[in-house]
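# Breakdown of the fold
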Amino acid sequence: MYSVFLFLAIVGGTIGVLQALGALVGAVGHDAPVGAEHDVGGHSADPIDAFHFRSVRAIAAGVGFAGLGGLLALRQFSAPVALLLAVSLGLIIYLFVAFVMRGFTRLESDGSLRALQAVGSTATVTLPVGGAFGVGKVALIVGGRHVEWPAVLAEGAPPGSTLSAGTRVQVVDAADDTTLSVVPLP
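Owing to the predicted nature of the structure, the values given are computational and were not obtained by experimental measurement.

## Some thoughts on helix α2 (residues 56-76)
End to end, α2 covers 31 Å across 21 residues, agreeing with the expected 30 Å (1.5 Å per residue, within 8%). Along α2, the residues classified as buried are Ala58, Ala60, Ala61, Gly62, Gly64, Ala66, Gly67, Gly69, Gly70, Leu71 and Ala73.

Here it is as structure tokens:
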């Protein structure tokens, strides 16, 4: 039993040290869950991955501490009791690290609003859009926040048409990173 616990401690510790060194030299950007597929925004497509239960750091910490706990428990207890204590410690550390990594992931989210998040929303023109005015402004709610964004008439709008202040519009696209394309609502 001693050799099994020693093996677990060495494997978990080695992976943990390699992860730490990789983070220091920039080789590892973040701790992605094992086998996770990510969408365009870098977030996992699987909701369970938000808890980081399959993260390399959490698994390595759990394995390493199970080994260390088993080695220490063998000094005082019989093999079955040491095994139970080792598994318990490994599981506790594994869950602790998984939830800490979840907290770090939440800190990485900057909360910035992007123009594409507004597509499909309805808005109210606050500064005239189109015609001689060109770029105007619209007010809308995106991500639970009231914002005002620059807006232009969407392609296909009649040439020279203008949307006056107070007109209700639909956001159909993002002309660029900071400007919305809008069409009037009927």
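## Describing the side chain of Ser121
Residue position: Ser121 is located in the loop between α3 (79-108) and β1 (122-127). Not counting the four nearest positions on each side in its chain, Ser121 is found in contact with Leu140, Ile141, Val169, Gln170 and Val171.

## What about the pairing of strand β6 (residues 168-174)?
Bridge count for β1 against β6 is 3 bridges, and the pairing is antiparallel. In the sheet register, Ala123 faces β6, and the bridge partner there is Val169. Of the pairings in the sheet, the one linking β6 to strand β7 (residues 180-184) comprises 5 bridges and is antiparallel in character. The residue bridging Ala174 from the neighbouring strand is Leu180, located in β7. Joining the antiparallel neighbours β6 and β7 is a turn of 5 residues.

## Some details on the nonpolar core
The nonpolar side chains of soluble globular proteins are, as a tendency, buried together. Core analysis: the biggest nonpolar cluster contains 17 residues, and Ala118, Val138, Leu140, Trp149, Val169, Leu180 and Val182 have the highest contact counts within it. For this core, the elements supplying multiple residues, two or more each, are β1, β3 (136-142), β4 (145-153), β6 and β7. With sequence-adjacent residues up to four places away left out, Leu140 is seen in contact with Ala118, Ser121, Thr122, Ala123, Arg145, His146, Val147, Trp149, Val171 and Leu180.

## Remarks on the pairing of β4
Relative to β4, β3 runs antiparallel, the two being bridged by 7 bridges. Note on β4: the bridge partner recorded for Leu140 is Val147. With antiparallel pairing between neighbouring strands as the criterion, β3 and β4 make up a hairpin whose turn holds 2 residues, including Gly143 at a positive phi of roughly 60°. Inspection of the sheet shows β4 paired to β7 by 3 bridges, in the parallel sense.

Parameters at a glance
Each chain carries its own residue numbering, running from 1 in the written order of its sequence. Whole-chain, interface and lining totals are the exception, using all residues; otherwise, since this is a predicted model, local features are given only for residues with pLDDT of at least 70 and side-chain atom pairs are given and counted only at 80 or more. Processing note: side-chain calculations cover all non-hydrogen atoms of the structure and skip hydrogens and water entirely. What counts as a helix is a DSSP run of H or I of at least four residues, what counts as a strand is a run of E of at least two, and both are numbered from the N terminus. Expected helix span is given by 1.5 Å per residue-to-residue step, counting one fewer step than there are residues. Remark: exposure states derive from per-residue accessible area (1.4 Å probe, protein chains only) relative to the maximum for the residue type, with buried under 20%, exposed over 50%, and partly exposed in between. Note on contacts: a residue pair is in contact if any heavy atoms of the two residues lie within 4.5 Å. Whether two strands pair depends on DSSP finding at least two bridges between them. Nonpolar core, defined: a set of buried Ala, Val, Leu, Ile, Met, Phe, Trp, Tyr and Cys residues in which side-chain atoms within 4.5 Å join the residues together.

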